[in-house]
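Examining the three-dimensional arrangement
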Amino acid sequence: MANQKGGVGKTTTAINLATALAACGKQVLIVDLDPQGNASTGLGIDRARRVVTSYDLLEGGASAREALLPTLVPGMSIIPASVDLSGAEIELVSAVRREFLLREALKPILNSYDYVLIDCPPSLGLLTLNALVAADAVLVPLQCEFLALEGLSHLMMTIQRIKEVLNPTLEIQGVVLTMFDKRNSLSDLVAADVRGHLGHKVYDTVIPRNVRISEAPSHGKPVLLYDLKCPGAQAYIHLASEMLRRERMEPEAA
């Protein structure tokens, strides 16, 4: 989950898409790579339980298996984050193969999961770079607001550079339009603009503005557990279904 702009729904999408995929019977892991640790908090992982974190993986002080924690959602685990990650950008500058630290750390556990979702910080620094080198694909949550495409073009260029130099298999998995307000004509204009530029890369499913989505993290739950019937929860269920459907169709297209 990557977008250098903050407040676009990266963490919310990571938590709730992962929950919806787990509900479909998939084994899912979330890697919280944001120093704010909002994905960990949003899944009810209090700071006292974050003994081994994604920071320890990057520093080489622990294995991924040691960092795994179960969540309230059956079939879903998390590698939590700590505030120590905020210093990792500087501490890892001189590390050997610094861009590949996360990829190497996750290798031993990848076969245990159908999906690994990495929640990136709102920047294009070394932490996000590690995530993009480790990932097969990038899912971009994009807020329906003015100038949304401006930041997206910068991210696209970064992804292309990483693909050329560090991770040739990296693809843009899709763009998810978030915080869509059907009462606001601007949301429709932004959505049409993004679809005009990126076509089929933009998911048909849009995530609406919904107060229940905002409330859920304060209860340490995904919105699918907090209020399954609300529009936000239903949107993430549809997003997971659309993702799985697209992935089934891709081999046929090839």
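Here goes a summary of the coordinates provided. For every chain, the first residue of the written sequence is number 1, and numbering continues from 1 onward in sequence order. Residue-level local features of this predicted model are given only where pLDDT is at least 70; pairs of side-chain atoms are given and counted only at 80 or more, and the full residue set underlies all totals for whole chains, interfaces and linings. Think of the side-chain values as coming from all heavy atoms in the structure, minus any hydrogens and water.

With that settled, the discussion passes to the sheet that holds strand 7 (residues 202-208). Reading across from one edge, 5-6-7 is the order of the 3 strands in this open sheet, with parallel pairing throughout. Single-partner strands in this sheet number two, and they are strand 5 (137-143) and strand 7. Averaged over all neighbouring strand pairs, the angle between strand axes comes to 25°, with direction disregarded. Here 3 bridges tie strand 6 (residues 171-180) to strand 7, and the two strands are oriented parallel to one another. Following the sheet pairing, Phe 180 is matched in strand 7 by Pro 208. By the convention used here, residues are in contact when the closest approach between their heavy atoms is within 4.5 Å. Axis lines are fitted through C-alpha atoms, for helices just across the contact stretch, and the angle between N-to-C directions can take any value from 0 to 180 degrees. Secondary structure elements follow DSSP: runs of H or I no shorter than four residues count as helices, runs of E no shorter than two count as strands, and numbering proceeds from the N terminus. Where helix 9 (residues 185-198) meets the sheet, its contacts fall on strand 5, strand 6 and strand 7, and the angle it forms with strand 6 comes to roughly 170°. For two strands to count as paired, DSSP must find a minimum of two bridges between them.

Glancing now at the pattern of salt bridges. Throughout this description, the term salt bridge denotes a Lys or Arg side-chain nitrogen within 4 Å of a carboxyl oxygen of Asp or Glu. A complete count under the given rule lists 7 salt bridges for this structure. Between Glu 215 and Arg 212 there is a salt bridge whose closest N-O contact spans 2.9 Å. One end of the pair, Glu 215, and the other, Arg 212, are both in helix 10 (residues 211-215), 3 residues apart, so they sit about a helical turn from each other. The class for Glu 215 is partly exposed, based on a relative accessible area of 26%. Here the salt bridges do not stand alone but share partners, grouping Arg 212, Glu 215 and Asp 227 into one network. Relative accessible area decides the class of each residue, using a 1.4 Å probe on protein chains only: under 20% of the type maximum gives buried, over 50% gives exposed, and in between gives partly exposed.

So, about the packing of helix 8 (residues 148-165) against helix 9. Close contact between helix 8 and helix 9 brings their axes to 10 Å; oriented N to C, the two are set at 30°. In terms of orientation, helix 8 and helix 9 fall into the roughly parallel class. The interaxial crossing formed by helix 8 with helix 9 has right-handed handedness. Across the interface between the two elements, Ala 148, Leu 149, Leu 152 and Met 156 from helix 8 touch Val 190, Asp 193, Val 194, His 197 and Leu 198 from helix 9. Gly counts as polar in this scheme, as do all residues outside two lists: the nonpolar Ala, Val, Leu, Ile, Met, Phe, Trp, Tyr, Cys and Pro, and the charged Asp, Glu, Lys and Arg. Considering only residue class, the contact of helix 8 with helix 9 consists of 7 nonpolar, 1 polar and 1 charged. Just so you know how the angles are binned, under 35 degrees is roughly parallel, over 145 roughly antiparallel, 65 to 115 roughly perpendicular, and the rest oblique. In a left-handed crossing the near helix is turned counterclockwise from the far helix by less than a right angle, and in a right-handed crossing that turn is clockwise.

Turning our attention to the side chain of Asn 130. Considering the arrangement of structural elements, one finds Asn 130 in helix 7 (residues 126-134). By relative accessible area, Asn 130 is classed as buried at 1%. A polar atom in the side chain of Asn 130 sits 3.1 Å from the backbone nitrogen of Leu 101. With residues up to four places along the chain from it excluded, the contact list for Asn 130 reads Leu 58, Arg 98, Glu 99, Phe 100, Leu 101 and Leu 102. Between N or O atoms, a polar contact is any pair within 3.5 Å; within protein, one atom must be a potential hydrogen donor and the other a potential acceptor, and residues adjacent in sequence are included only when both atoms are from side chains.

Here strand 3 (residues 76-79) shows no split at all, with Met 76 and Ile 78 on one side and Ser 77 and Ile 79 on the other all buried. Of the pairings in the sheet, the one linking strand 2 (residues 69-70) to strand 3 comprises 2 bridges and is antiparallel in character. Bridging across to strand 3, Leu 69 finds its partner in Ile 78. The antiparallel hairpin formed by strand 2 and strand 3 contains 5 residues in its connecting segment, where Gly 75 sits at a positive phi of about 85°.

Another point: unusual backbone geometry. Positive phi, normally seen in glycine, also occurs at Arg 97, with a value near 50°. Position of Arg 97 among the secondary structure elements: in the loop between helix 5 (88-91) and helix 6 (101-106). A positive phi angle, near 55°, is found at Met 179, a position not held by glycine. Following the sequence through the fold, Met 179 ends up in strand 6.

Across a sheet, paired strands are connected by hydrogen bonds in the backbone, their directions being either parallel or antiparallel. If you walk across this open sheet you meet the 4 strands as 2-3-1-4, and the pairing is mixed. Both outer strands of the open sheet, strand 2 and strand 4 (115-119), are each paired with one neighbouring strand and no more. As paired strands, strand 1 (residues 28-32) and strand 4 are joined by 5 bridges and run parallel to one another. What sits directly across from Val 28, in strand 4, is Tyr 115. This element, helix 1 (residues 10-23), spans strand 1, strand 3 and strand 4 of the sheet and lies at about 165° to strand 4.

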